[in-house]
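What follows is each chain in one-letter form.
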Amino acid sequence: PKPVEGTAWVEITDASTGRSFFANTETKETTWAMPDDVRRAKGLPEDTTPQWWELWDEQNKRSYYHNVATQETKWVKPEGVEIWTLKKQKKKAKEKEKETKEKEAAVAAVAAPASPA
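Residues numbered from 1 in each chain as written. Predicted model: local features only at pLDDT ≥ 70, side-chain atom pairs only at ≥ 80, totals over all residues. Heavy atoms only, no water.

Caption draft 1: Quick peek at the overall build of the protein. Counting its secondary structure elements, the protein contains 2 helices and 8 strands. Scanning the protein from its N terminus toward the C terminus, one meets helices and strands in the order β-β-β-β-α-β-β-β-β-α. Over its C-alpha trace the protein gives a radius of gyration of 22 Å, far above what one expects of a compact globule, namely 13 Å for 117 residues. Each of the three principal axes of the protein carries a C-alpha extent, and together these read 75 × 45 × 30 Å. Relative to its full complement of 117 residues, the protein shows a buried share of 21%. Total accessible area on the protein is roughly 9,300 Å²; 54% of this is exposed by carbon and sulfur atoms. (Helix = DSSP H or I, 4+ residues; strand = E, 2+ residues; numbered from the N terminus. Rg over C-alpha atoms; globule rule 2.2 N^0.38 Å. Buried < 20%, exposed > 50% of the residue type's maximum accessible area, 1.4 Å probe, protein only. Areas by Shrake-Rupley, 256 points an atom, 1.4 Å probe, with all protein chains shown as cover.)

Caption draft 2: A look at the sheet that holds strand E6 (residues 62-67). Ordered in space as E7-E6-E5-E8, the 4 strands form an open sheet in which the pairing is mixed. Because the sheet does not close on itself, it has two edges, and the strands there are strand E7 (73-74) and strand E8 (83-84). The sheet contact formed by strand E5 (residues 52-57) and E6 spans 6 bridges and is antiparallel. Within E6, the residue paired with Glu54 across the bridge is Tyr65. (Pairing = 2+ DSSP bridges.)

Caption draft 3: Highlighting the sheet that holds strand E3 (residues 20-24). Spatial ordering of the open sheet is given by E1-E2-E3-E4, a layout of 4 strands whose pairing is antiparallel. Taken across any chain shown, the strands that pair with only one partner, and hence form the sheet edges, are strand E1 (2-3) and strand E4 (30-31). Summarising the sheet, E1 and strand E2 (residues 9-13) pair through 2 bridges and their orientation is antiparallel. Each residue of the ladder has a partner; that of Pro3, found in E2, is Val10.

Caption draft 4: Local environment of the environment of Ala105. Mapped onto the elements, Ala105 comes out in helix H2 (residues 86-111). Judged by relative accessible area, Ala105 falls into the partly exposed class, the value being 47%. Separated by 10 residues in the primary sequence, Ala105 and Glu95 have C-alpha atoms spaced 15 Å apart.

Caption draft 5: Just the packing of aromatic side chains, in detail. A complete count under the given rule lists 3 aromatic pairs for this structure. Both rings, one in Trp53 and one in Trp84, keep their centres 6.3 Å apart while their planes meet at 80 degrees; by these two values the pair is edge-to-face. Here Trp53 is found in strand E5, whereas its partner Trp84 is found in strand E8, with 31 residues between them in sequence. Given a relative accessible area of 23%, Trp53 falls into the partly exposed group. (Phe/Tyr/Trp six-rings, centres within 6.5 Å; stacked < 30°, edge-to-face > 60°.)

And the structure:
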């Protein structure tokens, strides 16, 4: 285990998956998700990534919910949390693509040489 300086947490690599998880030496809590105080100690921004995803089970013809941080899966929609969907992901990607194209167009317009008179 690698101690995380300034916190009660240690970072451990799971031998079977190679993934890191965190254990609190005071509370004995363990988690796959990086705790907020570990993020702060490492100088990382707050994690705003949605943890829950709505997915589709073709065999049962219904949605289910998966937490990417804890690997928990459930049929009942979690309450009080943001649920991420493929539709939202596609919309965000399109918005980012449009924003990038607009920035590229603006840079090209500024960088283009003036037309001779």
